[in-house]
Amino acid sequence: MKLKYLLSVVAAGSALLTGCKKDFLETQPTEFITPDQLGSAAAQDPKLLDGNIAGLYTAMFTVGIGGTTRHDDFGQKGVDIYSDMLSSDMVLAALNYGWYEPVARMTATVDFTRNEDYIPFRYYYKQIFGANTIIDILGGTDAVPTNPKLKITMGQAKAMRAYGYFYLTQLYATEYGDGTKKILPMYKSAEPIPENINRPKSTTKEIWDLMISDLTTAISYLDTYTRTSKDQVDKNVAKGLLAYVLAARGTPADWAQIVTLTNDITAAYPKTTAAQLVYNGTNAATAGFNSVSTPSWMWGVDLTLAQDLDLISWWGQVDLFTYSYAWAGDPKTIDEGLYNQIHTDDIRKAQFDPPGGGLEASYGYNPGDFDYMPVNKFFDPGRVDGGQRNVVTDLIYMRADEFYLLNAEAKARSGQDGPARTALTTFLTDRITDLSYINALSGQALLNEIYLQTRIELWGEGKSYLAMKRNKATITRGANHLFFDGDPFVYTDPKLTFVIPQAEVVNNPNLDK
Amino acid sequence: MAQRVITGKVTDDKGNALPNVSVNIKETGAGTITNTEGNFSLTVTANAKTLVFSAVDFAPYEVAIGSQSSINASLKAQDQTLSEVVVVGYSTTTKEAFTGSAKAVNGAQLSSKNVSNVSQALAGEVAGVRVINTSGQPGTAATIRIRGFGSVNGNRDPLYVVDGVPYSGGTSSINPSDIASLTVLKDAAATSIYGSRGANGVIVITTKTGRGAKSYIEVDGRYGSNMSLIPRYSVITSPEEYIALSWEAIYNQGVAVGNANPTNYANTRLFSANGISANNNIWNVTNGADLIDPTTRTVKPGVTRKYDPERWEDYAFQSSNRVESNIRLGGGDAKSNYFTSFGYLEDKGYSVNSNFKRLSGRVNLNHEVKPWLATSLNVSYTNRTTNNNGQEANSNSVFWFVDNIPPFYPLFLRDAQGNKVADPIFGGYQYDYGSNGRKFGSLTNAIADANYNTLRAIRNELSTNATITIKFTKNLSLDNRLGIQYYNDNYVERTNKFYGSAASQNGSIYHRNNELMNQNLLNMLRYNNKFGSHSIEVLAAHEATKYKLTQGTASGYNLVDNYGLELTNAIVINPTANSYANTNRLESYFAQANYNYDNTYFLSASVRTDGSSKFIKGKTWGTFGSIGAGWILSKMNFLQNIRIIDYLKLKASYGVIGDQTGVGNYIAFTRIDVGNLNDQPSFGIPIPSNPLLTWERSKVFQVGTDFKLGTFLTGSVEYYVKKTDNLIFESRLAPSNGYVIRTVNDGLLKNQGIEFDLTGHIINKRDYFLNVGVNGEHFTNKILKMPLDPLGFQKPIDISNAPYGWARGGSIFDFYVRNFEGVDPANGTSMWTVYYDDLNNNKAFDAGEQVLDLETFYFSNPAKKGTLLKSTTKTYSQATQYFIGKSAIPKLRGAFNINTGYKGFDLNVQFLYSIGGYAYDGAYAGLMANGLIGGNNWSTDIRNRWQKAGDVTNVPRLSNNQDANVASSSSRFITKADYLALNNIRLGYTLPKAFIERINFVDDISIFISGDNLWLSSKRDGFNPSTAENGSSSTYRYSPLSTISGGLKVKF
């Protein structure tokens, strides 16, 4: 009978071995990391802290960052496609899988239940939250870090916060106006205290003031900083962002400051060369807007297989030579009206497949299948239709050419038509053969030409919409649009600006307080 | 010691003599049995005080001997089911003694259905248990819902317990033919002993043993055919009808855009970049004018085709085989018994290249080592292979293609002359990947992909459970049980190197390896005793569970061998390979007491405290418990004389049960994803957590009755109220905060319902019987409290689960949508309801006055309640979202079971029904849309479309995508979800004993033929509301297959 009790003790002992351990109920994740785990790891290896700011840059191209599983939700470049389509320069030329249809037909911008309203809103506020988290760690918006390394992090975080607010103001507000209109909630801290939760809308002036202050601080903090890769914000990127912010407000003083800012940038970066602009049959390795090492690129990211991007990406949506939608029946093409305005002696005209012929024959397609597609501007170097399966072609956020053009625009708006013409002519010399017509332009005609060249030069790069807003333009859709072809839209048309999504309206009771 | 003889006669309550009744002396155990006349004679010693009469199907009867020498007894027939052992919680009981709600389904009932996953066999068997077969892929586990919907965002799945151990393995690894019984536990008294995991019901599976059987061999084999018998959506199948509709769509577009000559507009555009690509013109004419007669709007007579496009369905679906065979060996003596089984199943789906194979083996051993020491060991091993081709929710979906591709697109590639193009690689003909202008699923071909690619999972699963029971005394024992579930699941996706998505990479391979190790250790003390008429059972236990699921993925491309599945076959390996583990732990202390007075009054109580690793310190532990009571009224004197009431029991229970299954393992931690940027770490934007998160709690009350009226009717009726508070609720935040979900314990949800299970024994003759059963449930689900906003008020509405809206007072499946008001007879466009705030007081709706979201508007403008006016709008974005008064929750749902037999034949028929709910038929919406022509097929209901001014219809005009939002989410596609389904018919024949006895080595032979999922009646063909929790349809769904099979079972 003693065995009975011995066995019982063994059985009870086995319980002690498992359940009764004090830490039995404590488990740690391995799929992701927690702030505590990161803190301990960083205590051993302080370099890790650089990874925080890198997270904001990674978010810029992360699939699903706008809170959905849709195939048009992949960060900044996804929003760029929205805005290019709204400005009408990018045409959704056919519907097969149907992504972007509600944007192209402008039903999304008037329907607050649509995800197209939600995705950019969610994305930029998430960036702002991420930036605020870092700013909080460094002591808050008003703190001045003394450690040089932390100063750089603070500068980058503030620039990214301003970047978030800038796109929000462009997409969700019609214009700056007189600065008194309440447009969007503004958060300066991520600390979970009541005044940082469900903020009411702030005025345009309040938001512009924050953006300008953040970017000015960033420029100063990043003054001597040399970045290790172009996905990071440096002084010049901050200057570029500030130039856009000021241009969107557009006071005379703003334009004067833009002249200075853009002078700095153009002094630092070359413009994109002719050989880089357009495929000519031999330069597949240098053209194609697919390499962040292109000297004119100021801000962009080097994508590798490690980022695991495929058809849900900007390249998937726009590039014929990537396995995805542009190839599979939802081509993105240039507006016919814009195409027709490109001079015949402009090398950039060849960026697009000409109507009724062109590249199709050599790829075994029917004439017309590639019409107006940017087959010689953006491409995977392999140039095989539907070829690139894992996307490793890089993404561009900002290039010097934007500021060569903005420099001309700022000069023109500051009443310096002569310097503006010079700036424009200099910029266009290796693009258009006969530039003599520019000398005849002045005043609004000159501004119109700069606007047109901006649309042509930066087609498909997410800049046309910004130009439309700051030029207070009326756009007219070309004949190749599926919807509203031939119709004009004033920049103030509600169809051209997104509405605050229903998820915000429903869940933020303070919104209009 | 004086001995004397007692004689007597035993009869039933009608006075018939009862042979073979055991007559025993209670004190000594000595006894005899009655003879054919019911008489007995027994010698008793002086210490004998009580005689016990017992017989199968009769209630035991005890009588004091006293000084009598003649004792007659009248035994009362007892419903067999009442004395059947029911496995509940950590102990067994009888249906009679149980205070909670448990329904046992025996193995024979389960195996009458030809399903490969035991969860599917549960359909229709238990009131209040809903079995949702979400896919026709063989082996798929059904979604089970017991008593409504227990949580908003938390867990709604029941807990499975196999042979006493909470089960984390796959249900499709369990061979249904190994199951002796399955018990569904529904109320708190039954489930609270599982504290942490029982809130949504418990399914207790007990496998067979050899106990009490002489050694036997049982062999069964089944052979059947799977097919798609339930109709699919009725769609346009004639290319001519499709092209005529397309022509009309462009014509209407021409009218809509103000074209002066819409006929010409349609004629020239039909085959163009604005219509259907000329490459896809299958007719021997070149333009719309030659093809279509503009007056009849049909294809002109005499127009011929270049070729006949294939019907995709013919190549996607097949009748396929289902083969199953099992061998079971069992037996034992008083000390030891064994059960061994081997099973083989091959179940092919009707969709091409989808199948399930299972090889399983099991050994169950029980051995009494010493009078005080018993052991048992159950081990089962399963190897299963699943091929899942063509079922993804994307353009690889075979089902999306079959139902939605316009009928003029060919399956095989055609050359300019319309001839099929030979395939030099795989032989046969090349599939058409739609690269020449196909506007549906272009650059893909789901059927080709399903044939050429591999999506395969192989799982090896081991489940074991070892118990040692030590009896300290007759009354006190200790159980020590270790349960382990282990599996390794290797999923491989291979995309072929010649055609389709990986052709440009020369093929690709993706691997995902999942490994589960789940350990469960139980130590339990049990005490039983009986004092006179009082008997008690008390148990106290400690249980600990460790769960660890490790996942690893790797992929590569550029294949050497097109068919090789291992990564060495890929020249380039992607750098995204990774692995991680998810772990959780549970620790519990619990106790239970059951008390029984005179087999008439029953009381039970349990208490359990659980700690979960999902919650962080301070929030880890939760305490739950229940009490239950049962009273068998029919044993009371005042009912003894009412003959009709054979049996009547009342029971009631109340308990508090917890749940933590529904939240992620690390929900209480702030999450930071780790990424790679330039080969340096990149830490994702933090996703804040709620460290205060803890157990969800359900308070469950039930009353019920079990009864038997005469010999005609048995049944039970139960009423329950289940209130879940501390709800695990994904409370939505405004996206401007930077994060949108905060998982909280907040809100209050109430499920209440009534369940009935009635069986009428219509005929019960010697050779012939007929039973008709019906079971059903009616329940309501109501959100009594919404979670609080960070600012402290209850959220007016949560729209995150569209088309449903969550608000106080509503259910979790109330439709909150725009209301479709029909079609304007003047021009055929859609109209929707708009509520408007008549700011300019003109009693008419003007743009800008619309209210877009009624609940939010009332919340911000409470004074406006009742002042809004209603109108219609033709602009979808102006229409109002509001509760339209329809819900996905049915009024009544359940099953009919008809069970009849004549001599050796028996026939079972089972119907499932559901009445009174609504569901969103999204797949149908896609077939009634107004996209660009050639972009999607139409339902045949499109024939009812508006065609000319004055047409009164609710189907808007076709306009080649000119009219927006035609098929956008609205009440238009909210469909009555009533259905009646013929779930199972089985006709069996057991060879007569007399015949069997002549074959002396065989004990039993039976044969059967059966059919599963044979017929469905719903609102429309193709719409099968039984396949989703909320009844909604999906264009990607693999509709459950139908099986007809025959089989043979022989016992040696």
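Residues numbered from 1 in each chain as written. Chains lettered and ligands numbered in written order. Predicted model: local features only at pLDDT ≥ 70, side-chain atom pairs only at ≥ 80, totals over all residues. Heavy atoms only, no water.

## Some details on the overall build of chain A
Here is step 1: Regarding its fold elements, chain A presents 18 helices and eight strands.
Here is step 2: Dimensions of chain A, computed from C-alpha atoms along their principal axes, come out at roughly 110 × 55 × 45 Å.
Here is step 3: A buried classification covers 64% of the 513 residues belonging to chain A.
Here is step 4: Of the contacts made within chain A by residues no fewer than 6 positions apart, 69% connect residues no fewer than 24 positions apart.
Here is step 5: Carbon together with sulfur atoms contributes 56% to the accessible area of chain A, which is approximately 17700 Å² in total.
Here is step 6: Between the centroid of the 46 positive side chains of chain A and the centroid of its 59 negative side chains there is a distance of 6 Å. (Helix = DSSP H or I, 4+ residues; strand = E, 2+ residues; numbered from the N terminus. Buried < 20%, exposed > 50% of the residue type's maximum accessible area, 1.4 Å probe, protein only. Contact = heavy atoms within 4.5 Å. Areas by Shrake-Rupley, 256 points an atom, 1.4 Å probe, with all protein chains shown as cover. Lys, Arg positive; Asp, Glu negative; His and termini not counted. Charge placed at Lys NZ, Arg CZ, Asp CG, Glu CD.)

## Overview of the interface of chain B and chain A
Interfaces are often sized by the amount of accessible area the parts lose when they come together.
Here is step 1: Listed as interface residues are 94 residues of chain B and, on the opposing side, 88 residues of chain A.
Here is step 2: In this assembly, chain B packs against chain A so that about 7500 Å² is buried in total across both faces, 61% of it on carbon and sulfur atoms.
Here is step 3: Per-residue buried area on chain B facing chain A is highest for Phe683, Ile685 and Ser736 of chain B; these three make up 10% of the total on that side.
Here is step 4: Across the chain B-chain A interface, the total number found is two salt bridges.
Here is step 5: Across the pair Arg818 of chain B and Asp111 of chain A runs a salt bridge whose closest N-O atoms are separated by 2.9 Å.
Here is step 6: Our enumeration of links across chain B and chain A arrives at 36 residue pairs in polar contact (both at pLDDT 80 or more). (Buried area = accessible area lost by both parts, 1.4 Å probe. Salt bridge = Lys/Arg side-chain N within 4 Å of Asp/Glu carboxyl O. Polar contact = N/O pair within 3.5 Å; in protein donor to acceptor, adjacent residues only side chain to side chain.)

## Digging into the sheet that holds strand 3 (residues 31–33) of chain B
All names here are of chain B.
Here is step 1: Here four strands make up an open sheet; going across it, the order is 3-2-5-6 and the pairing antiparallel. The sheet is open, and its two edges are formed by strand 3 and strand 6 (61–64), each paired on a single side. Ignoring which end each strand starts from, the neighbouring axes of this sheet average 20° apart.
Here is step 2: Here strand 2 (residues 22–25) pairs with strand 3 via three bridges, running antiparallel. Counterpart to Asn24 in the pairing with strand 3 is Gly31. (Pairing = 2+ DSSP bridges. Axes fitted to C-alpha atoms, helices over the stretch in contact; angles between N-to-C directions.)

## Thoughts on the pairing of strand 22 (residues 354–370) of chain B
All names here are of chain B.
Here is step 1: Note: strand 21 (residues 336–348) against strand 22, 13 bridges, orientation antiparallel. Paired with Gly343 across the strands is Ser360, a residue of strand 22.
Here is step 2: Adjacent in sequence and paired antiparallel, strand 21 and strand 22 are bridged by five residues, among which Asn353 carries a positive phi angle near 60°.
Here is step 3: In this sheet, strand 23 (residues 373–388) lies alongside strand 22 in antiparallel orientation, the contact comprising 16 bridges. Note on strand 23: the bridge partner recorded for Arg362 is Ser380.
Here is step 4: Hairpin connection between strand 22 and strand 23: a loop of two residues separates the two successive antiparallel strands.

## Thoughts on the side chain of His511 of chain B
Residues and elements named next belong to chain B.
Here is step 1: Position of His511 relative to the elements: it lies in strand 26 (residues 508–531).
Here is step 2: Looking at His511, its side chain comes within polar contact range of the main-chain oxygen of Leu565, at 2.6 Å.
Here is step 3: Those residues in contact with His511 that sit more than four places away from it in its chain are Asn490, Tyr491, Val492, Gly552, Thr553, Ala554, Leu565, Glu566 and Leu567.

## Comments concerning the nonpolar core
Within soluble globular proteins, side chains that are nonpolar tend to cluster in buried spots.
Here is step 1: Formed by 165 residues in total, the largest nonpolar core has its most connected members in Tyr163, Tyr165, Leu168, Leu184, Val233 and Trp299 of chain A.
Here is step 2: Broken down by element, this core gets its largest block of residues, 12 residues, from helix 7 (residues 148–172) of chain A.
Here is step 3: Discounting residues that sit within four places of it in the chain, Leu184 of chain A has contacts with Phe121, Tyr125, Leu168, Thr169, Tyr172, Pro200, Lys201, Ser202, Ile207 and Ile500 of chain A.
Here is step 4: Formed by 96 residues, the second largest nonpolar core is a distinct cluster that contains Val235, Trp283, Val851 and Val955 of chain B. (Core = buried A, V, L, I, M, F, W, Y, C linked by side-chain atoms within 4.5 Å.)

## Observations concerning the packing of helix 8 (residues 204–221) of chain A against helix 9 (residues 235–249) of chain A
Residues and elements named next belong to chain A.
Here is step 1: Taken N-terminus to C-terminus, the directions of helix 8 and helix 9 make an angle of 155°; their axes are 9 Å apart at the nearest point. Classified by the interaxial angle, the pair formed by helix 8 and helix 9 is roughly antiparallel. Here the hand of the crossing between helix 8 and helix 9 comes out left-handed. The residues of helix 9 that touch helix 8, namely those facing Trp208, Asp209, Met211, Ile212, Leu215, Thr216, Ala218 and Ile219, are Lys235, Ala238, Lys239, Leu241, Leu242, Val245, Leu246, Ala248 and Arg249. (Parallel < 35°, antiparallel > 145°, perpendicular 65-115°, else oblique. Left-handed = near helix turned anticlockwise from the far one by under 90°.)

## Brief notes about the sheet that holds strand 1 (residues 4–12) of chain B
Residue and element names in this part refer to chain B.
Here is step 1: Reading across the sheet, the three strands line up as 4-1-7 and stay open at both edges, with mixed pairing between neighbours. Two strands in the sheet have a free side with no partner beyond their single neighbour: strand 4 (39–44) and strand 7 (73–75). Averaged over all neighbouring strand pairs, the angle between strand axes comes to 35°, with direction disregarded.
Here is step 2: Note that strand 1 and strand 7 share three bridges and pair parallel. Across the sheet, Thr11 pairs through a bridge with Ser74, a residue of strand 7.

## Some words on the confidence of the model for chain B
Here is step 1: The predicted model of chain B has a mean per-residue pLDDT of 91, with 98% of residues at 70 or higher.
Here is step 2: Both confidence scores are given for the complex: pTM 0.91, ipTM 0.93. (pLDDT = per-residue confidence, 0-100.)

## Quick notes on the pattern of salt bridges
Once the charged atoms of two side chains with opposite charge are near each other, the side chains can pair.
Here is step 1: In the structure shown here, the tally under the stated rule is 75 salt bridges over all chains.
Here is step 2: The shortest N-O distance in the salt bridge between Arg455 of chain A and Asp89 of chain A comes to 2.8 Å. Residue Arg455 of chain A is found in helix 16 (residues 443–457), and its partner Asp89 of chain A is found in the loop between helix 4 (76–86) and strand 1 (90–92); the two are separated by 366 residues along the sequence. The exposure classification of Arg455 of chain A matches that of Asp89 of chain A, with both residues buried.
Here is step 3: Between Arg145 of chain B and Glu1029 of chain B there is a salt bridge; the shortest N-O distance is 2.7 Å.

## Considering the packing of aromatic side chains
For any pair of aromatic rings, the description consists of the separation of the ring centres together with the inter-plane angle of the planes.
All names here are of chain B.
Here is step 1: For the structure on display, the rule yields 84 aromatic pairs over all chains.
Here is step 2: Residues Tyr350 and Tyr1038 carry aromatic rings whose centres are separated by 5.1 Å and whose planes lie at 80° to one another, so their mutual orientation is edge-to-face. Taken together, the positions of Tyr350 in the loop between strand 21 and strand 22 and Tyr1038 in the loop between strand 52 (1004–1017) and strand 53 (1042–1051) put the pair 688 residues apart, joining distant regions of the chain. One exposure class covers both Tyr350 and Tyr1038, and it is buried.
Here is step 3: A centroid spacing of 5.2 Å and a plane angle of 85° characterise the contact between Phe401 and Phe440, whose relative ring orientation is edge-to-face. Of this pair, Phe401 sits in helix 9 (residues 398–404) while Phe440 sits in the loop between helix 9 and helix 10 (446–452), and the two are 39 residues apart along the sequence.
Here is step 4: A relative accessible area of 0% places Phe401 in the buried class.
Here is step 5: In this structure, Arg818 packs its charged tip against the face of Tyr876, placed 4.1 Å from the ring centre.
Here is step 6: Geometry around Tyr216 places Lys1051 over its ring, the cationic atom sitting 4.8 Å from the centre. (Phe/Tyr/Trp six-rings, centres within 6.5 Å; stacked < 30°, edge-to-face > 60°. Lys NZ or Arg CZ within 6 Å of the ring centre and 35° of its normal.)

## Observations concerning the side chain of Glu324 of chain B
Residues and elements named next belong to chain B.
Here is step 1: Counting through the fold element by element, Glu324 comes out in strand 20 (residues 320–332).
Here is step 2: Under the relative-accessibility criterion, Glu324 is labelled buried at 7%.
Here is step 3: Contacts of Glu324, omitting those with residues within four sequence positions, involve Asn175, Asp220, Gly221, Arg222, Tyr344 and Leu345.

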